[in-house]
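# Architecture and fold: a report
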Amino acid sequence: MEYLIGIQGQDFVLVAADNVAAHSIVKMKQDQDKMFKLSDKILLLCVGEAGDTVQFAEYIQKNIQLYKMRNGYELSPTAAANFTRKNLADYLRSRTPYHVNLLLAGFDETDGPGLYYMDHLSALAKAPFAAHGHGAYLTLSILDRYYRPDLTRDEAMDLLKKCIEELNHRFILNLPSFSVRLIDKDGTHDPEKLIPVGAK
Amino acid sequence: MALANVLQSESVDFSNYGRKCRGFSSSLYETELGLESVGGDNLSFAVRTACSDGDGPERKIQFLHGTTTLAFKFQHGVIVAVDSRATAGAYIASQTVKKVIEINPYLLGTMAGGAADCSFWERLLARQCRVYELRNKERISVAAASKLLANMVYQYKGMGLSMGTMVCGWDKTGPGLYYVDSEGNRVCGDLFAVGSGSMYAYGIVDSGLKQKDLTVEEACDLGCRAIYQATYRDAYSGGQVNLYHVHSEGWNRVSQSDVLMLHQQYQAEKA
């Protein structure tokens, strides 16, 4: 029901998430932000079971900030992704596993942009593009077909729009709007909120 | 609501236990052996299995979210409207339940799900809010209060708590409305309806809120109307409509109207 997507370019990462907070068949909120800012250049996108998402994401967020306070410098996106995965793995076989699916997007001074795919079984994969949710089935092939490692910002945005139009066209659930953010060497930017044509 | 339901279901279960087993054995008797059981004779060729419905000795507490509660923000604050019916299965246990919990003079909480869960945790929340006030010498914000509640119940996630509540109030940032439930959801919004009759209520309030800038009276009427329509369609909602208005000075109880009276009134208006 929820949807996350990330596309890595040469010097940026573009991420988007839908804005619906649903409770059985009702849309409780239509402007929910599913992106959590771990630091100036790291975003965590989190979907999954109610309650677990916010609690887990905020837990990771506070711990990343604590690291910065203690040590004087921030964790890199790779370190943050591995830290997150370790926490997911530790809780996986406990009595209270976190049922969440994540995308972590970040920009590192030395390594450049990075997009990390994590799921509720605590798998971790660094990928050039990734998606979560039922919508992923419809859009991953589009990403496979049209993705190039040297995408410009506009081209990546167009690719994202293509994916969202496909969702609007074929996905049974109406996802009226998507939050979009872009991370590059200058930090996190909010280009625009995407509202697919024809969606109310 | 839930307490009546638990007691009811315990007793009903015992009688079902006997009935079920007898039914099981007699039908087997009749179908397989083609013989009629002699009245009073406890002879039975059927295997007496434990008549459980898969839960074993730990019977799952059946919580019925038979209620309609709603709250919405508008220009002059927050309107909170609730029904007052408590059901235990098909039996109406009470028509005069208070489903709005007064946390403190400027915070309200609504009740849906287990009555004991809602009133206990919201009372605990009231205590935490007071401690915050004493420590920080200022009123707690609605966001913080709802976060306290959400974190408290998250620790019991999966253990059978049933609570769907809206925390409504007015703080420094203006009117505040949060939906918090025992699943761990905590969502800020302008309009929420919770309970079995919630969808009927959404229909009315969504269409009524389209015209912006309601007066206090219009907003109260809308809330009242929405609950009435929900009680009309939903069997598990009814009784009276309790209406509260939260504004900058705190909350005040606007009205308590019997749903049947409202029915007469609205029918007369239609004619």
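Residues take numbers from 1 onward in each chain, read along the sequence in its written order. Numbering of ligands from 1 and lettering of chains from A proceed in the order in which they are written. In keeping with the predicted nature of the model, local features appear solely for residues at pLDDT of at least 70, side-chain atom pairs appear and are counted solely at 80 or more, and the whole-chain, interface and lining totals rest on all residues. Excluding hydrogens and water, the side-chain values take into account all heavy atoms of the structure.

### Considering the overall build of chain A
- Secondary structure counts use DSSP, requiring at least four H or I residues in a row for a helix and at least two E residues in a row for a strand, with both numbered from the N terminus. Tallying secondary structure elements over chain A gives four helices and 13 strands in all.
- Note on method: radius of gyration uses C-alpha positions; expected globular size equals 2.2 Å times residues raised to 0.38. Taken over C-alpha atoms, the radius of gyration comes to 16 Å for chain A, in line with the 16 Å a tight globule of 200 residues would show.
- If one aligns the C-alpha atoms of chain A with their principal axes, the spans along those axes are about 50 × 40 × 25 Å.
- Note on classification: 1.4 Å probe, protein chains only; a residue is buried when its accessible area is under 20% of the maximum for its type, exposed when over 50%, partly exposed between these limits. Out of the 200 residues belonging to chain A, those deemed buried represent 50%.

### Overview of the UniProt feature "active site" (unreviewed entry) in chain B
Residue and element names in this part refer to chain B.
- Within the UniProt annotation, "active site" (unreviewed entry) is assigned to Thr67.
- Among the secondary structure elements, Thr67 is positioned in the loop between α1 (2-33) and β1 (69-74).
- Residue contacts for Thr67: discarding those within four places in its chain leaves Asp83, Lys99, Met111, Ala112, Val194, Gly195, Ser196, Gly197, Asp234, Tyr236 and Ser237.
- Polar contact is the term for a pair of N or O atoms within 3.5 Å; when the atoms are in protein, one must be able to donate a hydrogen and the other to accept it, and sequence-neighboring residues count only if both atoms are side-chain atoms. Only 2.9 Å separates the side chain of Thr67 from the side chain of Asp83, close enough to count as a polar contact. UniProt positions are given in the numbering used here, feature names are shortened, and annotations may be inferred rather than shown by experiment. Contact definition: two residues touch when any of their heavy atoms are within 4.5 Å.

### Side note on the nonpolar core
- By nonpolar core we mean a set of buried residues, namely Ala, Val, Leu, Ile, Met, Phe, Trp, Tyr and Cys, connected to one another through side-chain atoms within 4.5 Å. Leu70, Phe72, Val80, Met166 and Phe192 of chain B are the most contacted members of the largest nonpolar core, which has 43 residues in total.
- Setting aside residues up to four positions removed in sequence, Val80 of chain B forms contacts with Leu70, Ala71, Val100, Leu108, Thr110, Cys168, Asn242, Leu243, Tyr244 and Val246 of chain B.
- Leu14, Met157, Cys163 and Leu182 of chain A belong to the second largest nonpolar core, which has 27 residues in total.

### A word on the state of the cysteines
Residue and element names in this part refer to chain B.
- Two cysteine sulfur atoms form a disulfide, by the criterion used here, when they sit within 2.5 Å. One pass over the structure, following the stated rule, counts zero disulfides over all chains.
- The cysteine Cys188 is free of any disulfide, with Cys168 supplying the nearest cysteine sulfur at 11 Å.
- Classification of Cys188 as partly exposed rests on a relative accessible area of 27%.

### Examining the interface of chain A and chain B
- Listed per partner, the contact involves 14 residues of chain A and 17 residues of chain B.
- Carbon and sulfur atoms make up 54% of the area that chain A and chain B hide from each other, which totals about 1,300 Å².
- By convention in these notes, a salt bridge is any Lys or Arg side-chain nitrogen within 4 Å of a carboxyl oxygen on Asp or Glu. Where chain A packs against chain B, one counts two salt bridges.
- Between Glu49 of chain A and Lys157 of chain B there is a salt bridge, and its shortest N-O distance comes to 2.8 Å. Accessible area that two parts lose when put together, with a 1.4 Å probe and added across both, is what the buried area reports.

### Section: the environment of Ala201 of chain B
Residues and elements named next belong to chain B.
- Within the fold, Ala201 resides in helix α4 (residues 198-208).
- For the pair formed by Ala201 and Leu222, sequence separation is 21 residues and the distance between their alpha carbons is 9.9 Å.
- For Ala201, the residues in contact, after removing those within four places along its chain, are Thr68, Leu70, Ala193, Ala226 and Ala230.

### Points about the side chain of Asn185 of chain B
- Its place among the elements puts Asn185 of chain B in the loop between β8 (174-181) and β9 (186-188).
- For Asn185 of chain B, the residues in contact, after removing those within four places along its chain, are His23, Ala50 and Gly51 of chain A together with Tyr179 and Val180 of chain B.

### Regarding the side chain of Asp181 of chain B
All names here are of chain B.
- Following the sequence through the fold, Asp181 ends up in strand β8.
- Asp and Glu are treated as the negative residues and Lys and Arg as the positive ones, with His and the ends of the chain left uncounted. Summary of buried charges: Asp181 has no salt-bridge partner, and the nearest side chain of opposite charge, Lys157, is 7.1 Å away.
- Within the local environment of Asp181, its side chain forms a polar contact with the backbone nitrogen of Glu183, the two atoms lying 2.9 Å apart.

### Overview of the sheet that holds strand β8 (residues 112-118) of chain A
All names here are of chain A.
- A pair of strands is treated as paired once DSSP finds two or more bridges between them. The five strands lie next to each other as β5-β6-β7-β8-β9, forming an open sheet whose pairing is antiparallel. Each end of this open sheet is capped by a strand with a single partner; those strands are β5 (35-39) and β9 (124-126). Sheet twist, expressed as the average angle between the axes of neighbouring strands with direction ignored, equals 20 degrees.
- Bridge analysis of β8 against β9 gives three bridges, and the strand direction is antiparallel. Every axis corresponds to a line fitted to the C-alpha atoms, with the helix fit spanning only the stretch in contact, and the corresponding angles, defined between N-to-C directions, vary from 0 to 180 degrees.

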